[in-house]
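Structural overview
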Amino acid sequence: MAKALNFKYQDHTFSANIEKVDRKKIYGYTRVEYKNEKGEICSLANVTSDGMSILPSGCTGLVTVNADGKFVSRSEIQVVDTEGNPIEKLPSVFDLEAIELSESSIEEYLDTNVKSIYQLSFLDDSIKATLDKSQVLSFKFNYRKDYQQDDAFLICQDDHFFVVTGFKIPFEYVGLEKQFVEPVVVEEEEDDMDFGMM
Amino acid sequence: MRKINIANEKGRNAEIGFLPFTKTKDVVQVDKDNNPVSSKKVIKATINSSYAVINAANGSDPHKIAEALIQGDPEVDLELIGKFVGKTSRVFIDEHTNLVYSIKKTEKVYNTKGELTDEREPRNLPANIISDIPIKWSGKLFKKKDVFNKFVFIRKYQLQHDSGLTYDFLFEMAKKLHEADSLMLMGSGKGTGPLVFQDGGKPFRAFMEGRIKGEEYLLILHISNLELKPLPKND
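What counts, and at which threshold
- Residues numbered from 1 in each chain as written.
- Chains lettered and ligands numbered in written order.
- Predicted model: local features only at pLDDT ≥ 70, side-chain atom pairs only at ≥ 80, totals over all residues.
- Helix = DSSP H or I, 4+ residues; strand = E, 2+ residues; numbered from the N terminus.
- Rg over C-alpha atoms; globule rule 2.2 N^0.38 Å.
- Buried ≥ 20, exposed ≤ 12 C-beta atoms within 10 Å, placed from the backbone.
- Contact = placed C-beta atoms within 7 Å.
- Core = buried A, V, L, I, M, F, W, Y, C linked by C-beta atoms within 7 Å.
- Pairing = 2+ DSSP bridges.
- Domains from an automatic or database assignment.
- pLDDT = per-residue confidence, 0-100.
- Nonpolar A, V, L, I, M, F, W, Y, C, P; charged D, E, K, R; others polar.
- Expected span 1.5 Å × (residues − 1).
- Arc of directions from axis to C-beta.

We now examine the overall build of chain B. Of the regular secondary structure elements, chain B holds four helices and 14 strands. Relative to its length of 235 residues, chain B is extended, with a C-alpha radius of gyration of 26 Å against a globular reference of 18 Å. For chain B, the spread of C-alpha atoms along the three principal axes comes to 80 × 55 × 40 Å. Counting across all 235 residues of chain B, residues that qualify as buried make up 29%. Taking the contacts inside chain B whose residues are at least 6 apart along the sequence as the reference set, 64% of them involve residues at least 24 apart.

Printed below as a string of structure tokens:
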């Protein structure tokens, strides 16, 4: 099991393990199987544009190249910010002594495109009585060391606590003077709200 | 800009443009001369250098396979390895790496424990966001404070006007939702059906949020396919 996360909010400190939540674990999942006329399992492969090579899964890889298309080795690559200044990787949340939580709002949380959801299990459940369950708390999240961080929120639902990560969209209000323009395709229908939708 | 045919509470509809959002990168990878670098897809192997083909060519005899690898390097195609991969087409191949021209698709349904529960013809849902029948207000309002932690709103689209008429149409919607401090369930059918954004795409629930600031508005369509609930306990 991964290390526990250590949080700090006002005068409280608490630790929790996290477990990823996804549709597969909540509703199950579907998988499409392809068979030929003999009933044998088939798989998808790519054919190059000249039609000369068939590339089954795993036959391609990624390399890093410069503007001239020349190979650049990993050791030569540097990471810089948009102004060209070299930057260092930010630590994983698992390596932080304490993740400082700050108060946020429902709107800020709603402005976030969601990347991952984790369910928290507190090492000491007594913290549940201390946290305001209607409150949205925020922090920065990096599962692994990385150059960029995600926005993250700690929220509660029915006595269960979750961390929701993603990126906050800088929405802009629009007025009559700002305008836009173009279309796409067809229809479908259903009545009840069924979140399984499989 | 993509469009969605959307109706307000009075049943009046309009085709409205919407914007998706992607995270902008604040970091750039450069080489030692500070020139930007990029990733390119290259060929690592081809079907002829795959284990299945080498295995078949050597009668599944491990000694023969080992000898062939030492003598002829059949696993390395020097002409192709390292070549950039441009546009490709998708084909089906069987277990023996032969091309397949006719396939039968079956969708297998598994429960949360990974047990097979059903087999069926795959569903191919048609897109329904820009059909003759608009996406409707369901009339089901959910207070923001009650709903924000019930569903996971995975993606957001901002709806924007392209004329004075659609400005009035959208501003009114935003104002109603702003004043109600609520999200409105939007959907196909009677307003509660799922939205499908492209043919063969996945179905999503949609909730509209509106905010106003003076004469400006912000209309956000929140898309969800997941309820926020605890993981099932392992038996």
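Turning our attention to the overall build of chain A. Each helix and strand in chain A was counted, giving two helices and 13 strands. Looking at chain A as a whole, 24% of its 198 residues qualify as buried.

The next thing to look at is the nonpolar core. Membership of the largest hydrophobic core comes to 68 residues, with the highest contact counts inside it found for A:Phe162, A:Val164, B:Leu170, B:Leu219 and B:Leu221. The dominant element in this core, judged by the number of residues it contributes, is strand β14 (residues 216-227) of chain B, at seven residues. Setting aside residues up to four positions removed in sequence, B:Leu170 forms contacts with B:Ile16, B:Leu159, B:His161, B:Tyr217 and B:Leu219. Judged by nonpolar contacts, the second largest core, of 10 residues, contains A:Ile54, B:Ile43, B:Ala45 and B:Leu80.

It is worth spelling out unusual backbone geometry at this point. All names here are of chain A. Its identity as a non-glycine residue notwithstanding, Asp-158 has a phi of 55°, on the positive side. Summarising the element assignment, Asp-158 is placed in the loop between β12 (150-157) and β13 (160-168). Positioned with a positive phi, Asp-159 is a non-glycine residue whose angle comes to about 75°. The exposure class of Asp-159 is exposed, given the 9 C-beta atoms found within 10 Å.

Let us now look at the environment of B:Gly191. All names here are of chain B. Within the fold, Gly-191 resides in the loop between β11 (182-187) and β12 (195-196). On the basis of neighbour counts, which here come to 19 C-beta atoms within 10 Å, the residue Gly-191 falls in the partly exposed class. Once the C-alpha coordinates of Gly-191 and Ser-39 are considered, the two residues, 152 residues apart in sequence, prove to be 44 Å apart. Look past the residues within four positions of Gly-191 in its chain and what remains in contact with it is Lys-136, Trp-137, Ser-138, Gly-139, Leu-185 and Met-186.

To continue, consider the sheet that holds β13(A). Judged by pairing direction, the sheet is mixed, and its eight strands sit side by side in the order β8-β1-β2-β10-β13-β12-β11-β9 (chain A) without closing on themselves. Looking at which strands have only one partner, the edges of the open sheet turn out to be β8 (99-100) and β9 (102-103) of chain A.

So, on to the domain arrangement of chain B. Assigned domains of chain B: these are domain 1 (2-22 + 125-227) and domain 2 (47-84). The distance between the C-alpha centroids of domain 1 of chain B and domain 2 of chain B comes to 55 Å.

A few words now on the confidence of the model for chain A. Residues and elements named next belong to chain A. Here chain A averages 88 in pLDDT, and 88% of its residues register 70 or above. Mean pLDDT across the secondary structure elements of chain A bottoms out at strand β5 (residues 54-56), with 90, and peaks at strand β11 (residues 137-141), with 97. Contacts from residues 181-190, a stretch scored under 50 in pLDDT, to residues over four places away or in other chains number 37 contacts.

Right, let's get into the interface of chain A and chain B. Each side of the interface is counted separately: chain A has 89 residues, and chain B has 102 residues. No other element matches the eight residues that strand β4 (residues 41-48) of chain A contributes to the side of chain A that touches chain B. Its residues assigned to classes, the side of chain A that touches chain B comprises 49 nonpolar, 23 polar and 17 charged. Both strand β7 (residues 78-81) of chain A and strand β3 (residues 27-30) of chain B contribute to a ladder of four bridges, which runs antiparallel. If you follow A:Asp81 over to β3(B), its bridge partner there is B:Val27.

Next up on the list: the pairing of β12(A). Residues and elements named next belong to chain A. Burial within β12 is extensive, with six of its eight residues counted as buried. In this sheet, β12 lies alongside β11 in antiparallel orientation, the contact comprising five bridges. The partner of Phe-141 across the bridge, within β12, is Asp-150. Across seven bridges, the pairing between β12 and β13 is antiparallel. Considered in β13, the bridge of Leu-154 is made with Val-163. Hairpin geometry of β12 and β13 is characterised by an intervening segment of two residues between the two adjacent antiparallel strands and by a positive phi of about 55° at Asp-158.

Attention now moves to helix α2 (residues 62-72) of chain B. Counting buried positions along α2(B) gives zero out of 11 residues, so the element sits mostly on the surface. B:Asp73 lies just past α2(B) and shows a positive phi near 45°.

With that settled, the discussion passes to the confidence of the model for chain B. Per-residue confidence for chain B gives a mean pLDDT of 92; residues scoring 70 or more make up 99%. If you check the scores for this complex, the pTM reads 0.86 and the ipTM reads 0.87.

Residue and element names in this part refer to chain B. Here helix α4 (residues 164-180) contains 17 residues, and its C-alpha end-to-end distance of 24 Å stays within 8% of the 24 Å for a straight helix at 1.5 Å per residue. Here α4 has its buried residues at Tyr-167, Leu-170, Phe-171, Met-173, Ala-174 and Leu-177. For α4, the angular spread of buried residues about the axis comes to 165°, placing them on one side. Those residues of α4 that are exposed and aimed more than 90 degrees away from the buried face are Gly-164, Leu-165, Asp-168 and Glu-179. Asp-181 sits one or two positions beyond α4 and adopts a positive phi of about 50°.

What follows concerns the environment of B:Ser138. All names here are of chain B. For Ser-138, the location among the structural elements is in strand β9 (residues 136-143). Classification of Ser-138 as buried rests on a count of 20 C-beta atoms within 10 Å. Placed 130 residues apart in sequence, Ser-138 and Asn-8 show a C-alpha to C-alpha distance of 9.5 Å. The contact partners of Ser-138, leaving out residues within four places of it in the chain, are Met-184, Leu-185, Met-186, Gly-187, Lys-190, Gly-191 and Thr-192.

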